[in-house]
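# Geometric and topological summary
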Amino acid sequence: YVANSRPHNSPEKNALAQPAMAASTRDWIDQSDVMQRLTSLVANIAPTDANLLIIGENGTGKSQLAARHHHLSQRKNQPFIATNMAAIPESLFESELFGHQKGAFTDAKQNRLGCFASANQGTLLLDEIGALPFHLQAKLLQVLETQQFRPLGAEQSLRVNVRIIAATNQDLPQAISAGEFRQDLYYRLNTFIIELPPLRARIADILPLASFYLGQFATQYHKPTPQLAAC
């Protein structure tokens with residue numbers, strides 16, 4: 001489903017420019033009715049700059065959906081940057097998201113662009129957003145509201161123009177009730193919500209998905225492509 005909440009205002013442009021990163025959508029399969037409806041939905045909302053929250057079980061293709069969303073947006077020729085919150089050590093969250101200056105901490109031997117700066121003018125996917133530590137959620141909220149942030153060790157803030165896509169397999173309203181996720185951050189992220197169904201709810205996509213990956217691996221290993229028949 002998709003729920004529309006508040007209008008989204010575009011911030012002013014900044015000089016931080018990054019090379020575009022191509023968003024591959026070749027493995028987007030939508031032969032099932034439910035996925036065709038979802039594809040149509042994505043095509044309708046992708047041209048907007050509103051934040052998007054994708055929810056779904058592990059393995060349902062949330063990152064592929066985010067890449068397709070970027071590919072259909074007005075930012076398609078700009079960077080698409082993805083980072084997995086669950087894979088970042090807690091001590092490195094701020095550096096990963098906002099970057100740092102040389103000497104900001106012991107191992108900061110050179111300047112580093114964070115995800116927000118790298119995604120300037122483009123799209124930033126914050127995968128597994130529920131894994132972001134609670135004490136850093138307020139800082140992320142401030143960046144989403146102002147489109148400004150200060151890299152670790154820097155004296156001045158940077159302004160960026162980034163469209164945010166967040167993804168999670170967690171029940172965020174339940175996490176809010178448990179005091180583990182900020183309600184105001186949730187509302188900032190979910191201007192649009194898309195629920196991605198598991199494969200068991202889209203049986204018609206199983207055969208084309210299997211054929212796609214068989215073809216991909218056959219090419220990779222220089223083997224003839226096996227042909228699958230429907231059961």
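Summary of the structure given here. (Residues numbered from 1 in each chain as written. Predicted model: local features only at pLDDT ≥ 70, side-chain atom pairs only at ≥ 80, totals over all residues. Heavy atoms only, no water.)

### Some words on the environment of Arg-112
So the rule is basically this: Every helix listed is a DSSP run of H or I at least four residues long, and every strand listed is a run of E at least two residues long, numbered separately from the N terminus. Any two residues having at least one pair of non-hydrogen atoms within 4.5 Å are treated as being in contact.
Along the chain, the position of Arg-112 falls in the loop between helix H3 (93–98) and helix H4 (115–118). Taking C-alpha positions, Arg-112 is 7.9 Å from Ser-95, a pair spaced 17 residues apart along the chain. Beyond its immediate chain neighbours, meaning those up to four positions away, Arg-112 contacts Ser-95, Glu-96, Gly-99 and His-100.

### Quick notes on the sheet that holds strand S2 (residues 80–84)
Strand pairing within a sheet occurs via backbone hydrogen bonds; the two strands may be parallel or antiparallel. In plain terms, the rule: A pair of strands is treated as paired once DSSP finds two or more bridges between them. Angles run from 0 to 180 degrees between N-to-C directions of axes, and those axes are lines fitted to C-alpha atoms, restricted for helices to the stretch in contact.
Spatial strand order, S2-S3-S6-S1-S7: five strands in an open sheet with parallel pairing. Only two strands of the sheet have a single partner each, and these edge strands are S2 and strand S7 (192–195). Strand-to-strand, the axes of this sheet are offset by a mean angle of 20 degrees, without reference to chain direction. Sheet topology note: the strand S1 (residues 52–55)/S7 ladder contains four bridges and is parallel. What sits directly across from Ile-55, in S7, is Glu-195. Each of S1, strand S6 (163–168) and S7 is contacted by helix H1 (residues 33–45), which is oriented at about 160 degrees to S7, the strand it contacts most.

### Here's the deal with the pairing of S1
Applied cut-off: Each residue is placed in one exposure class: buried if its accessible area under a 1.4 Å probe, protein chains only, is under 20% of its type's maximum, exposed if it is over 50%, and partly exposed if it falls in between.
Here S1 shows no split at all, with Leu-52 and Ile-54 on one side and Leu-53 and Ile-55 on the other all buried. In this sheet, S6 lies alongside S1 in parallel orientation, the contact comprising four bridges. For Ile-55, the partnering residue across the bridge sits in S6 and is Thr-168.

### A short note on empty space enclosed by the protein
Here is the rule we go by: Points on a 1 Å grid, built from protein atoms alone, make a cavity when a 1.4 Å probe fits but cannot get out and make a pocket when they are open with protein on both sides within 12 Å along at least 5 of 7 lines; residues with an atom within 4 Å of a point are the lining residues. Grid points are joined across faces, edges and corners, and a volume is the space filled by probe spheres set on the points.
Enumeration according to the criterion identifies one cavity of 30 Å³ or more in this entry. The space that makes up the largest cavity amounts to roughly 40 Å³. Looking at the largest cavity, the residues that line it are Phe-93, Glu-94, Leu-97, Phe-98, Leu-132, Leu-136, Lys-139 and Leu-140. Looking at the lining of the largest cavity, the elements with two or more residues in it are H3 and helix H5 (134–146). No other element matches the four residues that H3 contributes to the lining of the largest cavity.

### Here's the deal with the side chain of Glu-128
Let me state the cut-off plainly: Charged-residue counts in this description rest on Lys and Arg as positive and Asp and Glu as negative, His and the chain ends being excluded. A side-chain nitrogen of Lys or Arg and a carboxyl oxygen of Asp or Glu constitute a salt bridge if their distance falls within 4 Å.
Among the structural elements, Glu-128 can be located in the loop between strand S3 (123–127) and H5. Here Glu-128 sits buried without a salt bridge, and the closest side chain of opposite charge, Lys-62, lies 4.6 Å off (N-O distance).

### Here we look at the packing of H1 against helix H2 (residues 62–71)
Two quantities define a packed helix pair, namely the angle between the helix axes and the distance between the axes. How we decide: Between 65 and 115 degrees an angle is taken as roughly perpendicular, under 35 as roughly parallel, over 145 as roughly antiparallel, and anywhere else as oblique. Left-handed describes a crossing whose near helix is turned anticlockwise from the far helix by less than a right angle; the clockwise case is right-handed.
The geometry of H1 relative to H2 is characterised by a closest axis approach of 9 Å and an angle of 45 degrees between their N-to-C directions. Taken as axis vectors, H1 and H2 run oblique relative to one another. Classified by chirality, the crossing of H2 by H1 is right-handed. Across the interface between the two elements, Leu-38, Thr-39, Val-42 and Ile-45 of H1 pack against Leu-65, Arg-68 and His-69 of H2.

### As for helix H8 (residues 206–220)
Threshold: Each residue after the first adds 1.5 Å to the expected span of a helix.
Between its first and last C-alpha, H8 extends 21 Å over 15 residues, near the 21 Å set by a 1.5 Å rise per residue. Every buried residue belonging to H8 is among Pro-208, Leu-209, Gly-215 and Ala-218, and all of these are buried. Following H8 by one or two positions, His-222 has its phi on the positive side, about 55 degrees.

### Observations regarding unusual backbone geometry
Most peptide bonds adopt trans geometry, and most residues besides glycine take a negative phi value. For Gln-121, which is not glycine, the phi torsion reads 75 degrees and is therefore positive. Of note, Gln-121 is situated in the loop between H4 and S3. Residue classification places Gln-121 among the buried residues on the basis of a relative accessible area of 17%.

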